Amino acid sequence: MLKINPAKPSIRLYKPDDTRKLCSFTISGNKAGELNINVKEDPYGSGYRFITELRNKIGKLLGFEHYAQFDKTDYMTGLLINVIPEYRRNNYFLGEILRLTSIIQMLENNIKTFSIKSKDSAIYFHSKYKFQPSVISFHDRDKLLETLTQETSPKFEDITSKGKELEKTIKMTNSLEKQRNLSQEANKLFSKYINRAIKEKDFDEHKFHWFMDMALTQENVLKNKDYFNSLFTKHGIDYKI
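Bear in mind the structure is a predicted one, so any value in this text is a computation, not a measurement.

Rules behind the numbers
Residues numbered from 1 in each chain as written. Predicted model: local features only at pLDDT ≥ 70, side-chain atom pairs only at ≥ 80, totals over all residues. Heavy atoms only, no water. Phe/Tyr/Trp six-rings, centres within 6.5 Å; stacked < 30°, edge-to-face > 60°. Buried < 20%, exposed > 50% of the residue type's maximum accessible area, 1.4 Å probe, protein only. Lys NZ or Arg CZ within 6 Å of the ring centre and 35° of its normal. Helix = DSSP H or I, 4+ residues; strand = E, 2+ residues; numbered from the N terminus. Expected span 1.5 Å × (residues − 1). Polar contact = N/O pair within 3.5 Å; in protein donor to acceptor, adjacent residues only side chain to side chain. Pairing = 2+ DSSP bridges. Axes fitted to C-alpha atoms, helices over the stretch in contact; angles between N-to-C directions. Parallel < 35°, antiparallel > 145°, perpendicular 65-115°, else oblique. Left-handed = near helix turned anticlockwise from the far one by under 90°. Contact = heavy atoms within 4.5 Å. Nonpolar A, V, L, I, M, F, W, Y, C, P; charged D, E, K, R; others polar. Core = buried A, V, L, I, M, F, W, Y, C linked by side-chain atoms within 4.5 Å. Arc of directions from axis to C-beta.

**Q** Please explain the packing of aromatic side chains as it appears in this structure.
**A** For any pair of aromatic rings, the description rests on two quantities: the centre-to-centre distance and the angle between the ring planes. Taken as a whole and judged by the stated rule, the model has 13 aromatic pairs. With a centroid separation of 5.3 Å and 65° between ring planes, the pair formed by F232 and Y239 is classed as edge-to-face. A relative accessible area of 0% means that F232 is categorised as buried. Residue Y239 is classed as buried on the basis of its relative accessible area, which comes to 16%. Pairwise contacts between aromatic rings join Y124, F156, F190, Y193 and F208 into one cluster. Here the basic side chain of K130 rests over the ring of Y227, its NZ or CZ set 4.7 Å away from the ring centre. A cation over an aromatic ring shows up here: R196 above the ring of F156, its NZ or CZ 6.0 Å from the ring centre.

**Q** Hey, could you run me through helix α3 (residues 138-149) in this one?
**A** Residues spaced three or four apart along an α-helix face the same direction, because each turn holds 3.6 residues. Between its terminal C-alpha atoms α3 stretches 16 Å, which fits the 16 Å expected from 12 residues at 1.5 Å a residue. Listed in full, the buried residues belonging to α3 are D140, R141, L144, L145, T147, L148 and T149. For α3, the N-terminal capping position is held by S137, with its side-chain oxygen 3.3 Å away from the main-chain nitrogen of H139.

**Q** Would you mind going over the sheet that holds strand β8 (residues 132-133) with me for this structure?
**A** Hydrogen bonds between backbone atoms are what pair the strands of a sheet, whose relative direction is either parallel or antiparallel. If you trace the nine strands from one edge of the open sheet to the other, you get β1-β2-β3-β4-β5-β6-β7-β9-β8, paired in mixed fashion. Of all strands in the sheet, those with a lone pairing partner are β1 (10-13) and β8, marking the two edges. Bridge count for strand β2 (residues 21-30) against strand β3 (residues 33-41) is five bridges, and the pairing is antiparallel. Pairing of I27 across the sheet is with L35, part of β3.

**Q** Any chance you could explain the packing of helix α4 (residues 157-171) against helix α5 (residues 176-200) here in plain terms?
**A** The relative placement of two packed helices is expressed as an angle between their axes plus a distance between the axes. In the contact formed by α4 and α5, the axes pass within 11 Å of each other and the chain directions differ by 165°. Judged by the inter-axis angle, α4 sits roughly antiparallel to α5. Note on packing geometry: the crossing formed by α4 with α5 is left-handed. Where α4 abuts α5, its residues D158, I159, K162, G163, L166, T169 and I170 lie against Q179, L182, E185, A186, L189, K192, Y193 and R196. Looking at the contact of α4 with α5 residue by residue, the classes come out as seven nonpolar, three polar and five charged.

**Q** Sorry, what's going on with the nonpolar core here?
**A** The nonpolar side chains of a soluble globular protein tend to be buried, and buried together. L94, F190, F208 and M212 are the most contacted members of the largest nonpolar core, which totals 56 residues. Dropping the residues within four chain positions of it, M212 is found in contact with I116, K117, S118, I123, P133, V135, L144, F190 and I194.

**Q** Any chance you could explain the environment of I104 here in plain terms?
**A** Note on placement: I104 falls in helix α1 (residues 94-108). Placed 11 residues apart in sequence, I104 and S115 show a C-alpha to C-alpha distance of 15 Å. Among residues more than four places away in sequence, those in contact with I104 are P9, I11, C23, F25, F232, I237 and Y239.

**Q** I keep staring at helix α7 (residues 225-234) and nothing clicks. Help me out?
**A** Restricting attention to buried positions, one finds in α7 the residues F228, N229, L231 and F232. Projection of α7 onto a plane perpendicular to its axis shows the buried side chains occupying an angular sector of 155°, all on one side. Along α7, the residues that are exposed and aim more than 90 degrees away from the buried face are D226 and T233. Among the structural elements, α1 and α6 (218-223) are those in contact with the buried residues of α7.

**Q** Even after reading the chapter, I still don't get the side chain of S183, so can you show me in this structure?
**A** Examined against the element boundaries, S183 turns out to sit in helix α5. Sequence-distant contacts of S183, that is, excluding residues within four places in its chain, are made with V135, I136, F138 and R141.

**Q** Explain unusual backbone geometry here, please?
**A** Note: most peptide bonds trans; most residues except glycine with negative phi. With a phi close to 55°, N110 is a non-glycine residue in the positive phi region. Here N110 lies in the loop between α1 and β7 (113-118). Judged by relative accessible area, N110 falls into the partly exposed class, the value being 42%.

Dropping the structure here:
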């Protein structure tokens, strides 16, 4: 990474009579050059959708994130995060900068839960920033369990065994309340699988094959404040949790 002059985010009200806050800042030392990050109303948002735009010095859009937030609420919903292909996985860290921006948005707006629906290929990306499985749909839960039950690595044998037991219990359970409880168990098992793969540093070999509902809570952000503060410092963002 190049030497970066710290940039302090500017926080402003979305509208004078609105409680929502939006941020903007400029990073001066990224590998891609000067980066301008700005959160604004999505033109197609009807007052509740916003977009974080990440542009270079000449205004080219390099990445963005769409999210929804209603006024006077304590939750956000991520709709889409994307970095243009040529800037992915080449140590530009644009996805990371977008994620840090959403964390600033969370904290400045006192958001308790930021929910997303991750595509299968991005689950580990979001996990890196402390999002956790939050699957509610029984169908999605069962599809995701297939990844665990079909795992063949000896390093995951305990998780695979537990997944198969859980799968059998699910098939024999008719009560909706018990099914919801089993979904909570499944989410814990998904988390364990993800953490194991990250620890073993071979998560590319242990991919899920279904999208996953995930959530980042304010509690988890605060719990991991040292980690996030280190990322703010890394990118020269003058912001501290």
